[in-house]
Amino acid sequence: MDSLLPAISILLFFSLLASVYPSTIGVDYVSKLLEIQERERAPPSVQVLAARGVLQRLLPSHSSAFDFRIVSKEKCGGMSCFMIKNHPSFNTPGAPEILISGVTGVELLSGLHWYLKNWCGSHISWDKTGGAQLNSIPKQGSLPRVQEAGVFVQRPIPWSYYQNAVTSSYTFAWWGWKRWEKEIDWMALQGINLPLAFTGQEAIWQKVFEKYNISKVDLDDFFGGPAFLAWSRMGNLHRWGGPLPQSWFDDQLMLQKKILNRMCELGMNPVLPAFSGNVPSALRNIFPSAKIARLGNWFSVKSDRQWCCTYLLDATDPLFIEIGRAFIEQQLIEYGSTGHIYNCDTFDENTPPIDDPEYISSLGAAIFKGLQSGDNDAVWLMQGWLFSYDPFWRPPQMKALLHSVPLGRLVVLDLFAEVKPIWKTSDQFYGIPYIWCMLHNFAGNVEMYGVLDSVASGPVEARTSENSTMVGVGMSMEGIEQNPVVYDLMSEMAFQHAKVDVKAWIDLYSTRRYGKSVPLIKDAWRILYQTVYNCTDGAYDKNRDVIVAFPDIDPFVISVRHERHHHNGKPVSRRAVLKEVSDSYEHPHLWYSTSEVVGALEIFIASGDELSGSSTFSYDLIDLTRQALAKYANELFLEVIESYKLNDMNGVVSQSQKFLDLVDEMDTLLACHEGFLLGPWLESAKQLARDEYQKRQFEWNARTQITMWFDNTEDEASLLRDYGNKYWSGLLRDYYGPRAAIYFKHLIKSLQNGKGFALKEWRREWIELTNDWQRSRNMFQVESNGNALMVSRRLYHKYLQSSAGAYDSK
């Protein structure tokens, strides 16, 4: 690892030897809460023991090589920090070699990760994205020494936030304690100290609503199924995928208690849910005079009231505060304590009925009063997504909501700050504390994507801006276990005081990720940084590749236009445009030169033998091959459409078969790594079931979320179809491929009988296929098989080598 150290010294000079930095005025506003949280934190001995547990699970071979100590904030200049020093007994055989001190258990583990990352060249990722690369760590007794003065790394801002309100459904829906324990370990190592903790809240609601004489039967219509609880909680839908069995309530509450206990042992401050106004319909009968309004349709077909149009209790009604207090108090009864921060998103995709600022202010004040009546020290944490997408929130309405709560008692998540920072356009949220967040991923889609330059500079720019009210950084993705490079950098920003030089950082990343320095691989990663990982077009990245989001549209609506882009001096590219705007077809997002990415893939394949046996490399190789083939498939689809318009039967038959063969072979590729398998998602759902009925229900939930998502009729697909699409082995061969085959069949029939494309018949068959697939019980592999390098190399030569650049967008 000697070759790594000079670069590390240059890259980390300022952060490792950081002096005390001034805080923002936003931090001053939340100082009272910070003092309370510090006072109520678990004892140092508990935090040290919890940190040692993480070390034992991560690196049992080195469990005695590190010594942990909790220190006061005063030793960190009044802020949170960690310090890394050579242990006084470093040269004694069997004694600890490295001493890590920190304010909390999270700081201790952040320091451990910092050391392993920057002195041992290791890398820690989710298991599904390759897991932890720890082979580069020297044996115990030979760990690298740090400089004699030690290493001092201070947080420039107090909080590192984690999760999105919908991550609980897109990723965590089927997790048990074993998987949650690994995630909490990962959080602590990444420095996360402010995680959302939404598990088990339905059991709390059940107990609260029982006090208002609302029965279990009434609640069957209120809660969504396990895979759709996030949207049930936000009042977007009800009952879809339900009803929930009592065992679900009980098991999830027990799981939540384990989660909260471990988070608190590590010194984290879990963010609990609060009452947002979403109520069961039965409450109207019990309180007929209450201000309960029925909301409008949220993405259901034909406004089906079985699932849509939930009920919202007006925050100005006295009952709102009463229920809000009861919910907070019930959580205190169940959990014993809280971190005093509560998430509430009353207006997330639910627009208020009146835009009068006074009315908006009264709503905000009432919501906060509901929190405060249950916990006098409560702070309201609100997702700022509504300010990004809803034109309702003009400056007067936004100010009215934000200023309805005492200063320091409301914190806003600038949820999509890496692409659309609201702090810039709202004068620092009009003086309200906020957390700079990277949203990055929608619906847990599988897509190589990132905005690394923004991630490396945005938090620093926000924190150092004039009159900054920033109080933290955060990762607010809708789904995890993808694009590990993005999360590695973003988590590091919790400790970076200056903007990061991404070019230098990415060179070190590839070395750490694979455990060795491979010059060619560094070249490939520089290409990836400049292409897929530096999107600057400002578009939301929801994966709409044709394979996973097949266009539900008449082929004549798509116009294929040739454009003169060049590869090796030849005009080679084409792209699709629409003759008219259509809600049925959203184009794949392409913001980079595909030929350059294929060039990076060539390097990966050429370097494969040198990195064989590396799970991290295998994951990246498959993902990169999948990315290139997915964009190639988009062009194959256009060739099918072009042949159809030219009445070229042979062209349609041959090109559509090539498309279907590609889908089948991509499925084989994805089967080579656990991170791309459908089986674990379905089996984990069934493992939470208590009986055969629950297995069927839970599996239906799991299958539906990743396909049709929401309701449909016989000839109208869900408005959210394919929103949660996944490039998973099993899903391509068993669902996406057969769906495309139906569409191509109707293209061929249209040419055979000389009639137009039978759009309604296509939809009927596709929807029937989907409904059957969602109800089916066929099983899929849960363990990877196949040689990723061999399959990638074969697919590259078959599909990409001869056409490198032939579908370039730049």
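Scroll up to find the structure this text is about.
So, a few notes on the structure that sits alongside this text. (Residues numbered from 1 in each chain as written. Predicted model: local features only at pLDDT ≥ 70, side-chain atom pairs only at ≥ 80, totals over all residues. Heavy atoms only, no water.)

A tally of helices and strands in the protein chain yields 30 helices and 19 strands. The C-alpha radius of gyration of the protein chain comes to 27 Å, within 12% of the 28 Å expected for a compact globule of 810 residues. The C-alpha extent of the protein chain, read off along each of the three principal axes, is 80 × 75 × 55 Å. Here the protein chain holds 810 residues, and 65% of them are scored as buried. Contacts in the protein chain between residues at least 24 apart in sequence constitute 78% of all its contacts with a sequence separation of at least 6. Summing over all exposed atoms, the protein chain offers an accessible surface of approximately 28,700 Å²; the carbon and sulfur share of this is 51%. (Helix = DSSP H or I, 4+ residues; strand = E, 2+ residues; numbered from the N terminus. Rg over C-alpha atoms; globule rule 2.2 N^0.38 Å. Buried < 20%, exposed > 50% of the residue type's maximum accessible area, 1.4 Å probe, protein only. Contact = heavy atoms within 4.5 Å. Areas by Shrake-Rupley, 256 points an atom, 1.4 Å probe, with all protein chains shown as cover.)

The next thing to look at is the side chain of Arg-233. By secondary structure assignment, the location of Arg-233 is in helix H10 (residues 229-233). Under the relative-accessibility criterion, Arg-233 is labelled buried at 17%. Every residue in contact with Arg-233, bar those within four places of it in the chain, is listed here: Ser-168, Phe-198, Gln-201, Glu-202, Ser-276 and Asn-278.

Here we come to the packing of aromatic side chains. Where two aromatic rings form a pair, the distance of their centres and the angle of their planes describe that pair. Across all of its chains, the model carries 71 aromatic pairs by this definition. Taking 5.0 Å as the distance between ring centres and 75° as the angle between the ring planes, the aromatic pair formed by Trp-240 and Trp-307 counts as edge-to-face. A residue pair is termed long-range when its members are at least 10 positions apart, and Trp-240 in the loop between H10 and helix H11 (246-265) and Trp-307 in the loop between strand S9 (292-294) and strand S10 (311-313) qualify at 67 residues. Residue classification places Trp-240 among the buried residues on the basis of a relative accessible area of 7%. Of the residues examined, Trp-307 reaches a relative accessible area of 16% and is grouped as buried. Each ring, one from Trp-525 and one from Tyr-533, has its centre 6.0 Å from the other, and the planes form 10°; the classification is stacked. You can call Trp-525 buried: its relative accessible area is 2%. In this structure an aromatic cluster arises from ring pairing among Tyr-170, Phe-228, Trp-231, Trp-240, Trp-298, Phe-299, Trp-307, Trp-700, Trp-709 and Phe-710. The side chain of Arg-145 reaches across the aromatic face of Phe-90, ending 4.2 Å from its centre. (Phe/Tyr/Trp six-rings, centres within 6.5 Å; stacked < 30°, edge-to-face > 60°. Lys NZ or Arg CZ within 6 Å of the ring centre and 35° of its normal.)

Let's shift gears to H11. An α-helical segment advances 3.6 residues per turn. Residues three or four places apart therefore align on the same side. In this model H11 runs 29 Å from its N-terminal to its C-terminal C-alpha over 20 residues, within 8% of the 28 Å that 1.5 Å per residue would give. When H11 is considered as a whole, its buried residues turn out to be Ser-247, Trp-248, Phe-249, Gln-252, Leu-253, Leu-255, Gln-256, Ile-259, Leu-260, Arg-262 and Met-263. Once H11 finishes, Gly-267 follows within two positions and takes phi at roughly 90°, a positive value. (Expected span 1.5 Å × (residues − 1).)

The next thing to look at is the packing of helix H22 (residues 519-530) against helix H23 (residues 594-606). Interaxial distance between H22 and H23 falls to 9 Å at its minimum, and their mutual angle equals 160°. By the criterion of interaxial angle, the relationship of H22 to H23 is roughly antiparallel. The hand of the H22/H23 crossing is left-handed. Along its contact with H22, which presents Leu-520, Ile-521, Asp-523, Ala-524, Trp-525, Ile-527 and Leu-528, the element H23 presents Glu-596, Ala-600, Ile-603 and Phe-604. Looking at the contact of H22 with H23, its residues break down into 9 nonpolar, no polar and 2 charged. (Axes fitted to C-alpha atoms, helices over the stretch in contact; angles between N-to-C directions. Parallel < 35°, antiparallel > 145°, perpendicular 65-115°, else oblique. Left-handed = near helix turned anticlockwise from the far one by under 90°. Nonpolar A, V, L, I, M, F, W, Y, C, P; charged D, E, K, R; others polar.)

With that settled, consider empty space enclosed by the protein. Under the criterion given, the structure shown has 11 cavities of 30 Å³ or more. For the largest cavity, the calculated volume is near 230 Å³. Residue lining of the largest cavity: 20 residues in total, with Gln-201, Arg-233, Met-234, Ala-274 and Ser-276 positioned closest to the centre. Contributing elements (two or more residues each) for the lining of the largest cavity: helix H8 (201-210) and H10. Its residues assigned to classes, the lining of the largest cavity shows 11 nonpolar, 6 polar and 3 charged. The calculated volume of the second largest cavity comes to roughly 130 Å³. Every element with two or more residues in the lining of the second largest cavity is listed here: helix H6 (167-170), H10 and H11. Broken down by element, the residue count for the lining of the second largest cavity peaks at 3 residues, all from H11. Classifying every residue of the lining of the second largest cavity by side-chain character gives 9 nonpolar, 5 polar and 2 charged. (1 Å grid on protein atoms, 1.4 Å probe; cavity = no way out; pocket = protein on both sides within 12 Å on 5 of 7 lines; lining within 4 Å. Points joined across faces, edges and corners; volume = space filled by probe spheres on them.)

Judged by side-chain polarity, Ile-25, Tyr-29 and Leu-407 come together as a nonpolar surface patch covering roughly 240 Å² of accessible area. On the secondary structure map, Tyr-29 appears in helix H2 (residues 25-29). (Patch = residues over 30% accessible without salt bridge, like charges linked within 9 Å, V, L, I, M, F, W, Y side chains within 5 Å. Salt bridge = Lys/Arg side-chain N within 4 Å of Asp/Glu carboxyl O.)

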